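# Overview (structure and organization)
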Amino acid sequence: MIPIFFSLLLLKSDPELYNSAATVSNSSKLSCRAILEENNLDISKKMAVFSRKVYLFGALLLLSCTSSVVRADGDDGDDGVTVETVEDVEEYHTPELGPGKSHLVEHFDDINSFKKKWVKSEAKKQGVDENIAKYDGKWEVQAPTRKIYKDDLGLVLTTEAKHAAISTLLDKPFEFKDKPLVVQYEVTMQEGQNCGGAYIKLLSRGTNTKADLRKFYDQTPYTIMFGPDKCGNDNKLHFIFRHTNPKNGTIEEKHSKKPTARLDDIYKDKEPHLYTLIVRPDNTFSILVDNKEVNSGSLLEDFTPPVNPPEEIDDPNDKKPENWDEREKIVDPTATKPEDWDEDAPAHIVDPNAVKPDGWLDDEPEMIHDPEATKPADWDEEMDGEWEAPLVDNPACSAAPGCGTWKPPTIPNPNYKGIWRAPLITNPNYLGKWTPKRIPNPHYFKDEHPFKMTPIHAVGFELWSMSPMLLFDNLIITDDVAVAEEWAQMTFVPKRAKISRDSDSVLERGLKYAGENPWIYAVVIIGTFIIVGLVAYACFGPKSDSDVDAKKTDAVVEDDPHQSDGDEDVVEEERPSKADLEGPGDADNVEAEPVTTSEQPRLDAGDGDGQRKRKPRKE
């Protein structure tokens, strides 16, 4: 409100300025040229004064707005609202958790620590060509290609179309007892993903040393595999756990149902995404992407194949009897074809009642050669054959019912019956669909607690991807959901918030800032009035010296379009000398300087009120 008050005070304190502004407003219906001719120097002087005060007002307005911004950023205010500064938002601190809160936490910001903990695989993949069997994909700790924070680093798979594996031991093994398992990590597909995975494997007990980690490959036993995977249009978000049969000790992979939400964007938007898996002791699970649940269910009910096998199965030794009749309907063996059934009768016959319409032109063809067509000049009959004019519709047929040979139409044959077939009847010997007998499943068991999986001792990435530069960051394995949420608040949440702010357009940020600071609207309104004033000044204000010279004199300039040989000579009147201006006391001592025809007289401000002076034109 201070800028508005100041502008009103400025106008009211100067009647001349106020009247000038009123004059401009009342004259808005007239053209700029008409106003100049009517008011000449009067309005020009007033507008010049008005423009100078407008500039002063704009400077004070800018100072006032700057002070307001400083106050808004620097003061907490009485309402307790704290405005974050840009430096505070963009400053990055490596996240830290208190001791004992996790089984593993990794932010990849400490390269020396990373080299001590993580081990690259030296194994070879089995069942593939020797040239591609080796795990020779390259892993590096580096900053993202799209820098969000200066010192934030991540684990990057820099190569494509190569097998790559890297792993580390947990700080302490995870035992599936009475606490949930929470696995959470970030993935940034920096160049999108065409085909390949970005999932993590939680390695089972038995992978206990760094020597074991150097042998990490696709057949290394794992307890859980979790994360995104894509090839072509098949987009997956894996949650696979390996279940041990309590009856015979065999291990079988159990695959969760598909997520309920579409996840296409995570493979192509090239932004970081947070993947969270929660497996609870009550056999329920939840999968979150960017802290939003996309899948949930039960370990007992929502996996394929199911954890517990059926109690009964089909008897593999039971076979269908040879005389078992499964036909519900059969052809009536007693049915015979009626004697009047004519299978040779045609489906359509000529309409016996049809009559040729009057006026039918039997001798006129439907198409004739175009009488206006001419043979092309470059037509070669030896190579192109005999030339014939193209066919066009016969104009004689347009007014007639038809042309050419008339044929009566056909109609369905009322005597047509087609091929005779005997009707179907219910099979008196029908025994129903045969199914084998059900017997107790010899492999049946009932595991009420599939949550109690094989303990986890290590974690690793074993991948193959057609897209390089996959970045992994901020991995945590814990038994407390609140700790994982705390970790996300320190890592992923501020990162996504900064990305959102950086991606906002200038207009969006301006509207958002204006919504938070209503005084901005007052500034915009005042700024609009300033622009209108500047436009009015440009329209009604005084011309520059060069323009005044051109208007106040008829001096010849280069390439004067109005110059002609027929113009009459105009004798220039003598211009007052310096002595004349200084007074009669020095008139006798100073001789007046004549103005030569090659000089153009300089007009000071206000010369337009004097008599016009013309220079002689060249003959």
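For clarity, every value in this text was computed on a predicted model and none was experimentally measured.

Further remarks concern the overall build of the protein chain. Across its full length, the protein chain holds 15 helices and 25 strands. With 619 residues in all, the protein chain has 34% of them scored as buried. The contacts in the protein chain between residues at least 6 apart in sequence include a share of 76% that link residues at least 24 apart. With the model as given, the accessible surface of the protein chain reaches about 39200 Å², and the carbon-plus-sulfur share is 52%.

Another aspect to go through is the pattern of salt bridges. Following the criterion strictly, the structure yields 24 salt bridges and no others. Between D136 and K162 there is a salt bridge, with its nearest N and O atoms 3.6 Å apart. Linking D136 in the loop between helix 7 (130-133) and strand 3 (139-142) with K162 in the loop between strand 4 (154-157) and strand 5 (163-174), this pair joins segments that are 26 residues apart in sequence. Exposure remark for D136: the relative accessible area of 33% places this residue in the partly exposed category. In this structure K162 comes out as partly exposed when scored by relative accessible area, which is 35%. For the salt bridge of D362 with K356, the shortest nitrogen-to-oxygen distance reads 3.0 Å. Classification of K356 as partly exposed rests on a relative accessible area of 34%. Linked through salt bridges whose partners overlap, the residues forming this network are K125, K201, D218 and E462.

Okay, unusual backbone geometry next. For the bond running from T304 to P305, omega is -15 degrees, close enough to zero to count as cis. Structurally, the position occupied by P305 is in the loop between strand 15 (303-304) and strand 16 (312-314). Non-glycine residue N283 carries a positive phi angle of around 75 degrees. Of the residues examined, N283 reaches a relative accessible area of 6% and is grouped as buried.

This part is about the environment of A133. Following the sequence through the fold, A133 ends up in helix 7. A133 gets classed as buried once you look at its relative accessible area, which sits at 1%. In this structure, the C-alpha to C-alpha distance between A133 and K162, residues 29 residues apart in sequence, is 8.7 Å. Among residues more than four places away in sequence, those in contact with A133 are A123, K124, K125 and V128.

In this structure, L181, I224, F239, F461 and F472 are the most contacted members of the largest nonpolar core, which totals 63 residues. I224 has contacts with F176, L181, I200, K201, L202, F239, I240, F241, L277, V279 and M453, leaving out every residue within four places of it along the chain.

The subject of this paragraph is the confidence of the model for the protein chain. Detailed conclusions should not be drawn from predicted coordinates in areas where pLDDT is low. Per-residue confidence for the protein chain gives a mean pLDDT of 79, with 71% of residues at or over 70. Across residues 62-89 the pLDDT falls below 50, and counting only partners more than four positions away or on other chains, this stretch makes 16 contacts in the model. Scored below 50 in pLDDT, residues 560-619 makes 47 contacts in the model with residues more than four places away or belonging to other chains.

Time to look at the packing of aromatic side chains. One pass over the structure, following the stated rule, counts 18 aromatic pairs. A ring pair is formed by F108 and W118, whose centres lie 5.6 Å apart and whose planes are at 45 degrees; its orientation type is tilted. Here F108, found in the loop between strand 1 (104-106) and helix 6 (111-117), pairs with W118, found in the loop between helix 6 and strand 2 (119-120); they are ten residues apart in sequence, far enough to count as distant. The exposure class assigned to F108 is buried, which follows from its relative accessible area of 1%. The class of W118 is buried, set by a relative accessible area of 6%. Linked through ring pairs, F108, F114, W118, W139, Y185, F226, Y275, F461 and F472 together constitute an aromatic cluster. Positioned above the aromatic ring of Y267, the side-chain terminus of K230 is 5.8 Å from the ring centre. Lying over the aromatic face of Y222, R242 brings its terminal NZ or CZ to 5.3 Å of the ring centre.

This part is about the packing of helix 10 (residues 481-490) against helix 11 (residues 492-503). Viewed as axis vectors pointing N to C, helix 10 and helix 11 meet at an angle of 35 degrees, and their least axial separation amounts to 3 Å. Of helix 11, the residues touching helix 10 (which contributes A488, Q489 and M490) are F492, V493 and P494.

It is worth spelling out the state of the cysteines at this point. Two cysteines form a disulfide when their sulfur atoms are joined by a covalent bond. Under the definition given, this model contains two disulfides. Two residues share a disulfide in this structure: C195 and C231, whose sulfurs sit 2.1 Å from each other. Residues C195 and C231 are joined by a disulfide whose S-S torsion is about -90 degrees; by sign, that bridge is left-handed. Taken together, the positions of C195 in strand 7 (residues 195-197) and C231 in strand 9 (residues 222-231) put the pair 36 residues apart, joining distant regions of the chain.

To continue, consider the pairing of strand 25 (residues 470-478). With nine of its nine residues buried, strand 25 lies for the most part within the structure. In terms of strand pairing, strand 1 meets strand 25 through three bridges, oriented antiparallel. Counted as the bridge partner of V105 is I476 from strand 25. Alignment of strand 4 against strand 25, held across three bridges, turns out to be antiparallel. Looking at strand 25, one finds that L157 is bridged to L470. Here seven bridges tie strand 6 (residues 181-189) to strand 25, and the two strands are oriented antiparallel to one another. Bridge pairing in strand 25 links M189 to L470.

What follows is about a negative patch on the surface. Taken together, the side chains of D378, D380, E382 and D384 make up a negatively charged region of the molecular surface. Tracing the sequence through the fold places D384 in helix 9 (residues 381-384).

This part is about the pairing of strand 6. When you tally the buried positions in strand 6, you get nine out of nine residues, the bulk of the element. Both faces of strand 6 are covered, namely the face carrying L181, V183, Y185, V187 and M189 and the face carrying V182, Q184, E186 and T188. Two strands pair when backbone bridges link them, and strand 6 and strand 12 (residues 272-279) are joined in this way by eight bridges, in the antiparallel orientation. By the bridge assignment for strand 12, V187 is matched with H273.

This next bit is on helix 11. Spanning twelve residues, helix 11 covers 16 Å between terminal C-alpha atoms, matching the ideal 16 Å at 1.5 Å per step. Of all the positions in helix 11, only F492, K495, K498 and I499 are classed as buried. In a view along the axis of helix 11, the buried residues occupy a sector of 130 degrees, so they form one face of it.

Cut-off values and rules
- Residues numbered from 1 in each chain as written.
- Predicted model: local features only at pLDDT ≥ 70, side-chain atom pairs only at ≥ 80, totals over all residues.
- Heavy atoms only, no water.
- Helix = DSSP H or I, 4+ residues; strand = E, 2+ residues; numbered from the N terminus.
- Buried < 20%, exposed > 50% of the residue type's maximum accessible area, 1.4 Å probe, protein only.
- Contact = heavy atoms within 4.5 Å.
- Areas by Shrake-Rupley, 256 points an atom, 1.4 Å probe, with all protein chains shown as cover.
- Salt bridge = Lys/Arg side-chain N within 4 Å of Asp/Glu carboxyl O.
- Core = buried A, V, L, I, M, F, W, Y, C linked by side-chain atoms within 4.5 Å.
- pLDDT = per-residue confidence, 0-100.
- Phe/Tyr/Trp six-rings, centres within 6.5 Å; stacked < 30°, edge-to-face > 60°.
- Lys NZ or Arg CZ within 6 Å of the ring centre and 35° of its normal.
- Axes fitted to C-alpha atoms, helices over the stretch in contact; angles between N-to-C directions.
- Disulfide = S-S within 2.5 Å.
- Pairing = 2+ DSSP bridges.
- Patch = residues over 30% accessible without salt bridge, like charges linked within 9 Å, V, L, I, M, F, W, Y side chains within 5 Å.
- Lys, Arg positive; Asp, Glu negative; His and termini not counted.
- Charge placed at Lys NZ, Arg CZ, Asp CG, Glu CD.
- Expected span 1.5 Å × (residues − 1).
- Arc of directions from axis to C-beta.

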